[in-house]
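One letter stands for each residue in the lines below.
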Amino acid sequence: MGLGHFENIFEGKNIILGITGSIAAYKSLLLIRELKRRNANVFPVLTPFATHFVTKLTVSNLAKNPVAVDMFDPEIQKSGAWHIDLVHRCDLMIIAPATASTIGKIANGVCDNALVTLATALPKNTPLLIAPAMDTSMWEHPTTQRNVQILREIGGHIIPPSFGELSSGLIGEGRFPEIPVLLDYIETFLYFREIGLERYNEIRDKIKDKNILVTAGPTHEKIDDIRYISNYSSGKMGFAIAIQSHILGAKVKLITGPSKIQMHHPISLESVTSAKNMFDAVVKDYQTSDATIMASAVADYCPETKFQGKLKKDTSKEIFLRLIRTPDILSELGKNKKHQILVGFALESSQDGLKNALKKLSQKNCDLIVLNYFDTPNSGFSGDNNTITILEYLSNEELIVQNYPSASKNICSLFILERISKHLR
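One structure accompanies this document, and this report is about it. Treat the numbers as computed from the prediction; the structure is a model and nothing was measured. (Residues numbered from 1 in each chain as written. Predicted model: local features only at pLDDT ≥ 70, side-chain atom pairs only at ≥ 80, totals over all residues. Heavy atoms only, no water.)

## With respect to the packing of helix H9 (residues 197-207) against helix H14 (residues 409-423)
Let me state the cut-off plainly: Convention adopted: a line fitted to C-alpha atoms gives each axis, helices being fitted over their contacting stretch, and angles between N-to-C directions are expressed from 0 to 180 degrees. Note on conventions: DSSP H or I runs of at least 4 residues are helices, E runs of at least 2 residues are strands, and numbering of each starts at the N terminus. Oblique is the label for every angle not falling under 35 degrees (roughly parallel), over 145 degrees (roughly antiparallel), or within 65 to 115 degrees (roughly perpendicular). For a crossing to be left-handed, the near helix must be turned anticlockwise from the far one by less than a right angle; the clockwise case is right-handed. Contact criterion: two residues are considered in contact whenever any of their non-hydrogen atoms come within 4.5 Å of each other.
Running from amino to carboxyl end, H9 crosses H14 at an angle of 60°, the nearest separation of the two axes being 9 Å. Relative to H14, the element H9 is oriented oblique. In this structure, the crossing between H9 and H14 has a hand that is left-handed. Only Leu417, Glu418 and Ser421 of H14 make contact with H9, whose side of the interface consists of Arg199, Ile203, Lys206 and Ile207.

What follows is the structure, encoded as structure tokens:
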């Protein structure tokens, strides 16, 4: 497992992309582009009906690989059993979009085209992701739901369709998920492909249906109506934790300070501004949570006096701001902890970070502290990657300090959620 492996887990991975005859098929071209940007190798396979919506030439040019449609096409017959050769070389297969017809065929083993044949030949340790796209009435039809359930039982992973405007003009469930959602699922399952799909099932069994409360982003502490005190937090870490908790089946509530990140997953989100706002929002939902993960960078101080309007510059005098402490949210949660698993974050310098994080673990009555550094590469605010250390006490008061490799914030979130799962009942 080389240096930087988890910073871009897509790098060099072989991904089969199945495209079916859905009006949403054109969006699969955007998925190919994003996978190629991440340096993945994409092997497209289309159903015959899919070629009415996207052309083999376009798909092949984007993927830089031949496109399989006809099982017996000489262009893809480079080995005796090309489909077996391909599925044993691939790291993941995703069908996006997947029609009701293709879902039914895979569920019932009807291998009458190249796509279904590949999905059926896929080894057990290779993830199969399916992103349905169809009108609401088709998605809700009992046969479709039965076939979806069969796919889940035989190891397929369904990416839930979105709710929204459909090609029919109706509004409902069945819309093709946004490309960032597909990429999040692919990244998650590439990770579990690396460490073993059984680990996914173990963690999901503990996380599924649990109430997970996550905070993200900075807070803005008002000076006047146009200025504030804040920090460089982007919110990426907290958003990633919320997304991965959702993918693992949790009921997620995300409370975020000001952030430019757009949430594409169907996660309950509450936006707040100040530390006091965040305190009130977190306390309100804390008692019903099974795990609370305080990934936000809450300001420690705020101006004692908030000026109205715009504070004008006057060169003849100085202006002094008196700062007062903001509510210590993590400390308050620790004092009132009952059944909850409480996770705090510690952003520290590499010089004395471990000592300070250990102190925070005890003083705040946390179950876990996630330590990262602001003065080392691939760590801290703003970037897409992080490098974390998790500190926790086991039931026998044994201290565990686990260092993790530098990884994308999505995968760092999975490191954290795996440790949380060990504490959940």
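Back to the text.
## A look at the side chain of glutamate 34
The criterion, for reference: The classification of residues rests on relative accessible area computed with a 1.4 Å probe and restricted to protein chains. Under 20% of the type maximum is buried, over 50% is exposed, and intermediate values are partly exposed.
Within the fold, glutamate 34 resides in helix H1 (residues 27-37). Owing to a relative accessible area of 15%, glutamate 34 belongs among the buried residues under this scheme. Those residues in contact with glutamate 34, other than ones at most four positions away along the chain, are Ile179 and Leu183.

## A word on the sheet that holds strand E12 (residues 268-271)
Here is the rule: The rule for pairing is simple: two strands pair if DSSP sees at least two bridges between them.
The strand order E12-E11-E8-E13-E16-E17-E19-E20 describes an open sheet built from eight strands, whose pairing is mixed. Lying at the two open borders of the sheet, with one neighbouring strand each, are E12 and strand E20 (399-403). Averaged over all neighbouring strand pairs, the angle between strand axes comes to 15°, with direction disregarded. With six bridges connecting them, strand E16 (residues 341-348) and strand E17 (residues 368-373) associate as parallel partners.

## A look at helix H10 (residues 236-247)
Just so we agree on the cut-off: Expected helix span is given by 1.5 Å per residue-to-residue step, counting one fewer step than there are residues.
The first and last C-alpha atoms of H10 sit 16 Å apart over twelve residues, in line with the 16 Å expected at 1.5 Å per residue. Counting buried positions over the twelve residues of H10 gives eleven, a clear majority of the element. Buried within H10 are the following residues: Met237, Gly238, Phe239, Ala240, Ile241, Ala242, Ile243, Gln244, Ser245, His246 and Ile247. One or two steps after H10, the chain reaches glycine 249, where phi turns positive at roughly 95°.

## Quick word on the packing of helix H8 (residues 179-195) against H14
How we decide: Residue polarity is assigned by list, with Asp, Glu, Lys and Arg as charged and Ala, Val, Leu, Ile, Met, Phe, Trp, Tyr, Cys and Pro as nonpolar; anything else, Gly included, falls into the polar class.
In the contact formed by H8 and H14, the axes pass within 10 Å of each other and the chain directions differ by 55°. By the angle between their directions, the pair H8 and H14 is classed as oblique. With respect to the hand of their crossing, H8 and H14 are arranged in right-handed fashion. Across the interface between the two elements, Asp184, Glu187, Thr188, Tyr191 and Phe192 of H8 pack against Asn410, Ile411, Leu414, Phe415 and Glu418 of H14. Among the residues making up the contact of H8 with H14, the classes are represented as five nonpolar, two polar and three charged.

## Let's talk about the nonpolar core
As a reminder, the rule being used: Here the nonpolar core consists of buried residues drawn from Ala, Val, Leu, Ile, Met, Phe, Trp, Tyr and Cys, with membership extended through side-chain atoms lying within 4.5 Å.
Among the nonpolar cores identified, the biggest contains 78 residues, and Leu31, Ile94 and Ile186 are the most heavily contacted of them. If you tally residues by element for this core, the top one is H8, at ten residues. Residues within four places of leucine 31 in sequence aside, it is in contact with Leu17, Ile94, Ala96, Ile179, Leu182, Leu183 and Ile186. Within the second largest apolar cluster, 30 residues are counted, among which are Met71, Ile106, Ala114 and Ile130.

## Description of the pattern of salt bridges
Counted only if it meets this: Take a side-chain nitrogen of Lys or Arg and a carboxyl oxygen of Asp or Glu: if they are within 4 Å of each other, that pair is a salt bridge.
In this structure the tally under the stated criterion is 20 salt bridges. When the shortest N-O distance is used, the salt bridge between glutamate 194 and lysine 13 registers 3.3 Å. With glutamate 194 in helix H8 and lysine 13 in the segment before strand E1 (14-19), this pair connects stretches of sequence that are 181 residues apart. Overall, glutamate 194 belongs to the partly exposed group, its relative accessible area being 30%. On the basis of relative accessibility, which here comes to 7%, the residue lysine 13 falls in the buried class. A network of salt bridges, in which partner residues are shared, links Arg33, Glu34, Arg37 and Arg38.

## A look at the sheet that holds strand E3 (residues 92-98)
Reading across from one edge, E2-E1-E3-E4-E5 is the order of the five strands in this open sheet, with parallel pairing throughout. Edge positions in the sheet fall to strand E2 (41-46) and strand E5 (157-158), since each has one partner strand and no second. Across six bridges, E1 lies against E2 in parallel orientation. Across the sheet, the residue bridging to isoleucine 19 is leucine 46, located in E2. Here H1 sits on the sheet and contacts E1, E2 and E3; the angle it forms with E1, its principal contact strand, is near 175°.

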